[in-house]
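Listed below, chain by chain, are the residues.
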There are 4 protein chains.
Amino acid sequence: MAIKVIIAGFKGKMGQAAYKMVLEDEELELIGLVDPFATEKNVAGVPVFTDKTDLTALEADVWVDFTTPAVAYENTKFALENGFAPVVGTTGFTAEQIDELKSLSARKALGGLIAPNFAIGAILLMQFAAQAAKYLPNVEIIELHHDNKKDAPSGTAIKTAELISETRQSLKQGATDEEELLAGARGAEVDGMRIHSVRLPGLVAHQEVIFGAQGEGLTLRHDSYDRISFMSGVNLGIKEVVKRQQLVYGLEQLL
Amino acid sequence: MAIKVIIAGFKGKMGQAAYKMVLEDEELELIGLVDPFATEKNVAGVPVFTDKTDLTALEADVWVDFTTPAVAYENTKFALENGFAPVVGTTGFTAEQIDELKSLSARKALGGLIAPNFAIGAILLMQFAAQAAKYLPNVEIIELHHDNKKDAPSGTAIKTAELISETRQSLKQGATDEEELLAGARGAEVDGMRIHSVRLPGLVAHQEVIFGAQGEGLTLRHDSYDRISFMSGVNLGIKEVVKRQQLVYGLEQLL
Amino acid sequence: MAIKVIIAGFKGKMGQAAYKMVLEDEELELIGLVDPFATEKNVAGVPVFTDKTDLTALEADVWVDFTTPAVAYENTKFALENGFAPVVGTTGFTAEQIDELKSLSARKALGGLIAPNFAIGAILLMQFAAQAAKYLPNVEIIELHHDNKKDAPSGTAIKTAELISETRQSLKQGATDEEELLAGARGAEVDGMRIHSVRLPGLVAHQEVIFGAQGEGLTLRHDSYDRISFMSGVNLGIKEVVKRQQLVYGLEQLL
Amino acid sequence: MAIKVIIAGFKGKMGQAAYKMVLEDEELELIGLVDPFATEKNVAGVPVFTDKTDLTALEADVWVDFTTPAVAYENTKFALENGFAPVVGTTGFTAEQIDELKSLSARKALGGLIAPNFAIGAILLMQFAAQAAKYLPNVEIIELHHDNKKDAPSGTAIKTAELISETRQSLKQGATDEEELLAGARGAEVDGMRIHSVRLPGLVAHQEVIFGAQGEGLTLRHDSYDRISFMSGVNLGIKEVVKRQQLVYGLEQLL
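Per chain, residue numbering runs from 1 following the sequence as it is written. For this description, chains carry letters from A and ligands carry numbers from 1, given in the order in which they are written. It should be noted that, the model being predicted, local features are given only for residues of pLDDT at least 70 and side-chain atom pairs only at 80 or more, the latter also being counted only at that level, while totals for whole chains, interfaces and linings use all residues. Computation of side-chain values: all heavy atoms of the structure, hydrogens and water removed.

Chemist: Quick question: what am I supposed to make of the sheet that holds strand E4 (residues 46–49) of chain C here?
Modeler: Working definition: the strands of a sheet are paired by backbone hydrogen bonds and lie parallel or antiparallel to each other. Residue and element names in this part refer to chain C. At least two bridges found by DSSP between two strands are what make those strands a pair. Helix numbering and strand numbering both begin at the N terminus, where a helix is a DSSP run of H or I of at least 4 residues and a strand a DSSP run of E of at least 2. Strand order in this open sheet of eight strands is E3-E4-E2-E1-E5-E6-E7-E15, and the pairing throughout is mixed. Strands with a single pairing partner mark the edges of an open sheet, and in this sheet they are strand E3 (42–43) and strand E15 (247–249). Pairing analysis gives four bridges linking strand E5 (residues 62–65) to strand E6 (residues 85–88), with the strands arranged parallel. What sits directly across from Asp 65, in E6, is Val 88. It only takes one pair of heavy atoms within 4.5 Å for two residues to be counted as in contact. In this analysis, axes come from line fits to C-alpha atoms, helices being fitted only over the stretch in contact, and the angle between any two N-to-C directions falls in the range 0 to 180 degrees. Relative to E6, helix H6 (residues 230–241) is tilted by about 160°, and along the sheet it contacts strand E1 (3–8), strand E2 (28–34), E5, E6 and strand E7 (112–114).

See the structure below:
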């Protein structure tokens, strides 16, 4: 039987992508849409609401939420209280709010997912990097982004380095008498590892983690071309939360 | 306290690399060398033997074996019977021999490792590929080798495809109306996946596993430049078998 | 002084991109727009026409044409006759038409460009590949596209192989006793070279040309993410044709 | 008819590689070997000398020189004076010496080559990079070497950046409000371009030059695995110098 899905914030860019993804998957059934900016009464036969309180009577399994930080916490709480397992891509939750929602979900015996990043490839890359670093402690990170990006290194690169640090033996890499003829050549340092940030027009968001050992190399690369990539993570989230009895934070908890 | 190591077959190419690796690691202590072709009585103070039966009195922890298929089974059995945990890189064991050695090791409560491939990077790549395929079922493999290689695809590529097949949903990839204007363009097919074999002078042994999904890509690449790469796997094997009570087959069992 | 530009077919996708590009470049001045589907009289102060014959009085230097195969030949002739150097991205010209337009341009002492591909990076890759093949005759091509692409190999890969064939010594690559354990593993063959076609969701249009020689490798890769990439070629075309006295076919003629 | 070749310094590592390369090429005929450290009188029927003055009577076309900086200048002069076109891989010539040898070669109407780098792939990469930068001014360089390398960036990377600077419009790349959260993330700067140096065990010597433009990217990569790679350049040098009437400096002069 298909999993019954509600999408909150369906008028936004991510909401629209989620709408399309749910419609195209036979294992999912779209039974309600909600957005305060909606003017239509239904879309392709699916009822549209502007106020979430009108959805309490719906018999849905999952509440997909791509709304705004201002309302996401209230929405998630509402979903859990009404028996919908939440799959939330909106950011801005505090640690306290997440803890509270976890407790609430456990009391309701409902699964749930709040995820700051739904790109499965990116999550897998971080996991694999941390795992490989146990055995291959020599590693450098190259992240490549479009040249409008202001900050370097990227948040993902720093996060990746931190995850690697948790599993690898601490190590100051490079030659002991290493010397930069030009400042910055060896990149930024995080716990003895080096991070390099490339910025060029045409690029979108890419990251390489390169491990080296005697006579061999292992390279992990993620290319992100479009936010549409988040949808495979949302799809996975929907199918996993219905099997679970507690909300989790981070898509990696479901892999 | 250092782990006491014997190396059998130390005159061969791999044995020599193992000898060097053990000497350079403070956590390991080389206490004996054996090779029927040895003519010296000791090397750098370490006693050299030509007959393994002369080593029964040695108090060693680990028996590293890079001998020949003809004697490796007997050597491994000998090691277990004399209380040395074997770490064996020689090939040619039958399934029955491996089972028998596992039983013997269990009775002796000794760890052990027989591994056809000691390159940690290659093993990690295969594991990661199988793991990623669960979530990203669209995948192709490109393997690149020097142009003296006779067979295509490589054994590693076929092995990787088989491991991927165990975890991913079966899927015929590519456009449904896909057409080869030139035969072979789309590569070899294994369970709906494609494998491409590149052969060029200068190359050594390389493999890329490329996953694609809506708006993103994940690429795993292993480069093998030299058999010296096996030594990090041998090192790991030595340090792991002393903690275990049964022999395993395949380095992946220790990761 | 700025180069005065007319854009024909400005309502189409490419025409719109050209419109934006011209406006953003201080060295160019947009003085007229034409499109039979236009309903507005002017855009941002630039006059809009629906019939090209109304533009004969304009004092323009360059006629950029992104119309349709049905009218492109007539448009290009019209441009030359009225003193505008044409830069044409529309396809479908016959060899006779191109010859005729070259002759006409020479009589008028006007430069011009008809180009089937305006992506400078793709053109450079093909040129470099042909140049490298003179010295490094062992080469394979990997092209990677989204999995909706029906044909394999891509037209660009075949074109690249043909250009390489013109400069390299003929050579049957790979081991002489090479054997495919799985049919297609070694890819398609063009003049002894191999071409491999990868098809995965998420990919756009990518091509790698890999050269190998004793102890070294040279890899040329082009990534095409968006048709917007054509605009740097159009920009180059506009600035080059005003310096020339004859129309050329192919952007490579201006590099 | 085969080109008759003498190899000076044939007992060294490069000399040995040259010896092997000449023997394997039917278009070349090895007619003399010279090395002060040689003890044999001939090798595979080819006469061996310890003193170059004993070779004046040989009817050779080309003098391949892999000796030492101390004698290379005298050797090259000797070769030219005796009618042998020199192909010299030894370093340490002063600019004055090179000028003098050029003049001498012109008087003798003999070709010749002195080259600090014989890796054709590396030379082609530098040429292509300079050529591409004319049209694609946004570029970054990543060079990757083994972790025993002391200096960063590599000499080749700096040389490549300088060659690029000669052809591209000067440009400060990256976002105007770019900010390094961790110092060094954006790499070293040369004329507005960025260079990143990766150092890992297992790597040999690799360089990537990445160009980005709206919607596209062009990447040039050279991998150097072994000094044996120099031999295709030496081979090319031998075949080119016999067609020429003056000595040149740098393999790029023959491409």
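Chemist: Looking at this structure, I do not really get the interface of chain D and chain C. What am I missing?
Modeler: How big an interface is tends to be stated in terms of the accessible area lost upon association of its parts. At the interface, 31 residues of chain D touch 31 residues of chain C. Buried area: the accessible surface (1.4 Å probe) lost by two parts on joining, summed over both. Together chain D and chain C conceal approximately 2500 Å² of surface at their shared face, both sides included; 61% is due to carbon and sulfur atoms. Broken down residue by residue, the surface that chain D buries against chain C is led by Phe 128, Tyr 135 and Glu 216 of chain D, which jointly contribute 27%. A pairing counts as a salt bridge when a side-chain nitrogen of Lys or Arg comes within 4 Å of a carboxyl oxygen of Asp or Glu. Here chain D is connected to chain C by zero salt bridges. Polar contact is the term for a pair of N or O atoms within 3.5 Å; when the atoms are in protein, one must be able to donate a hydrogen and the other to accept it, and sequence-neighboring residues count only if both atoms are side-chain atoms. At the surface where chain D touches chain C, the tally comes to 14 residue pairs in polar contact (both at pLDDT 80 or more). Only helix H4 (120–133), strand E14 (216–224) and helix H6 (230–241) of chain D provide two or more residues apiece to the side of chain D that touches chain C. Gly is placed with the polar residues, together with every amino acid not listed as nonpolar (Ala, Val, Leu, Ile, Met, Phe, Trp, Tyr, Cys and Pro) or charged (Asp, Glu, Lys and Arg). Here the side of chain D that touches chain C is built from residues that sort into 16 nonpolar, eleven polar and four charged. Pairing between strand E14 (residues 216–224) of chain C and E14 of chain D: nine bridges, direction antiparallel.

Chemist: How should I be thinking about the pairing of strand E1 (residues 3–8) of chain A in this particular structure?
Modeler: Sheet faces and side chains relate simply in a regular strand, where the side chains alternate between the two faces. Residue and element names in this part refer to chain A. Among the six residues of E1, five are classified as buried, and the element is accordingly described as predominantly covered. Sheet topology places E1 next to strand E2 (residues 28–34); six bridges connect them, and they run parallel. Counterpart to Ile 7 in the pairing with E2 is Leu 33. As for the winding sense of the linkage, the β-α-β connection from E1 through helix H1 (residues 13–24) to E2 is right-handed. Accessible area is worked out with a 1.4 Å probe on protein chains only. A residue is then buried under 20% of its type maximum, exposed over 50%, and partly exposed in between. A crossover counts as right-handed when, viewed with the strands pointing away from the observer, the path leading from the first strand over the helix to the second turns clockwise.

Chemist: What am I meant to see in the side chain of Thr 160 of chain B here?
Modeler: Structurally, Thr 160 of chain B can be placed in helix H5 (residues 155–167). Of the residues examined, Thr 160 of chain B reaches a relative accessible area of 0% and is grouped as buried.

Chemist: Looking at this structure, I do not really get H1 of chain A. What am I missing?
Modeler: Each full turn of the α-helix corresponds to 3.6 residues, which orients residues three or four apart in the same direction. Residues and elements named next belong to chain A. Taking 1.5 Å per residue as the helical rise, H1 with its twelve residues ought to reach 16 Å, and the 17 Å between its terminal C-alpha atoms agrees with that figure. Taken residue by residue, H1 has Met 14, Gly 15, Ala 17, Ala 18, Tyr 19, Met 21 and Val 22 as its buried positions. Along its buried surface, H1 packs onto E1, E2, strand E3 (42–43), strand E5 (62–65) and helix H6 (230–241). Here a helix's expected span is defined as the number of its residues, less one, multiplied by 1.5 Å.

Chemist: Help me understand the pairing of strand E6 (residues 85–88) of chain B, please; the structure alone is not making it clear to me.
Modeler: All names here are of chain B. Burial along E6 is two-sided: the residues Ala 85 and Val 87 and Pro 86 and Val 88 are all buried. Crossover connection from strand E5 (residues 62–65) via helix H2 (residues 69–81) to parallel E6: handedness right-handed. By the bridge criterion, two bridges tie E6 to strand E7 (residues 112–114) in an arrangement that is parallel. Residue pairing for E7: Val 87 is matched across the bridge by Leu 113. Once you follow E6 into helix H3 (residues 95–108) and on to E7, the crossover reads as right-handed.

Chemist: Looking at this model, I keep getting lost on the UniProt feature "domain: Dihydrodipicolinate reductase C-terminal" (unreviewed entry) in chain A. Mind explaining?
Modeler: UniProt positions are given in the numbering used here, feature names are shortened, and annotations may be inferred rather than shown by experiment. As annotated in UniProt, the feature "domain: Dihydrodipicolinate reductase C-terminal" (unreviewed entry) corresponds to residues 121–255 of chain A in the numbering used here. In this annotation, residues 121–255 of chain A is assigned 28% helix and 31% strand; the end-to-end C-alpha distance for the span is 11 Å.

Chemist: Just to check I follow, could you spell out the relation of the copies chain D and chain A for this structure?
Modeler: Of the transformation superimposing chain D on chain A, the axial component is 0.0 Å and the angular component is 180°, with the fit at an RMSD of 0.1 Å. Considering both components of the superposition, the chain copies are consistent with a two-fold axis. Using C-alpha coordinates, one finds that chain D approaches the rotation axis most closely at Gly 184 of chain D, a distance of 2.0 Å. Comparing interface residues between copies, 100% of those in chain D also sit at the interface in chain A, which points to an isologous, same-surface contact. Least-squares superposition of the copies uses the C-alpha atoms of those residues scoring a pLDDT of at least 70 in each of them.

Chemist: Before we go on, may I ask you to explain the packing of H2 of chain B against H3 of chain B in this structure?
Modeler: The relative placement of two packed helices comes down to the angle between their axes together with the axis-to-axis distance. Residues and elements named next belong to chain B. Close contact between H2 and H3 brings their axes to 10 Å; oriented N to C, the two are set at 10°. Of the possible angle classes, the one that applies to H2 and H3 is roughly parallel. Contacts from Tyr 73, Thr 76, Lys 77, Leu 80 and Glu 81 of H2 reach H3 at Gln 97, Glu 100, Leu 101, Leu 104, Ser 105 and Lys 108. Grouping the amino acids of the contact of H2 with H3 by side-chain chemistry returns four nonpolar, three polar and four charged. Any angle that is under 35 degrees is reported as roughly parallel, and any over 145 degrees as roughly antiparallel; angles of 65 to 115 degrees are reported as roughly perpendicular and all others as oblique.

Chemist: Which parts of the structure should I look at to understand the relation of the copies chain D and chain C?
Modeler: Two chain copies here: they are related by a rotation about an axis and a translation along the same axis. Here chain D sits on chain C after a turn of 179° about the axis and a move of 0.0 Å along it, with an RMSD of 0.1 Å. When the interface residues of chain D are mapped onto chain C, 100% of them are again interface residues, pointing to one common binding face.

Chemist: Any chance you could explain the domain arrangement of chain A here in plain terms?
Modeler: All names here are of chain A. According to the domain assignment, chain A contains domain 1 (3–114 + 228–254) and domain 2 (120–224). At the interface, six residues of domain 1 touch four residues of domain 2. The class makeup of the residues in the side of domain 1 that touches domain 2 is two nonpolar, three polar and one charged. Residue ranges for the domains originate in an automatic or database domain assignment.

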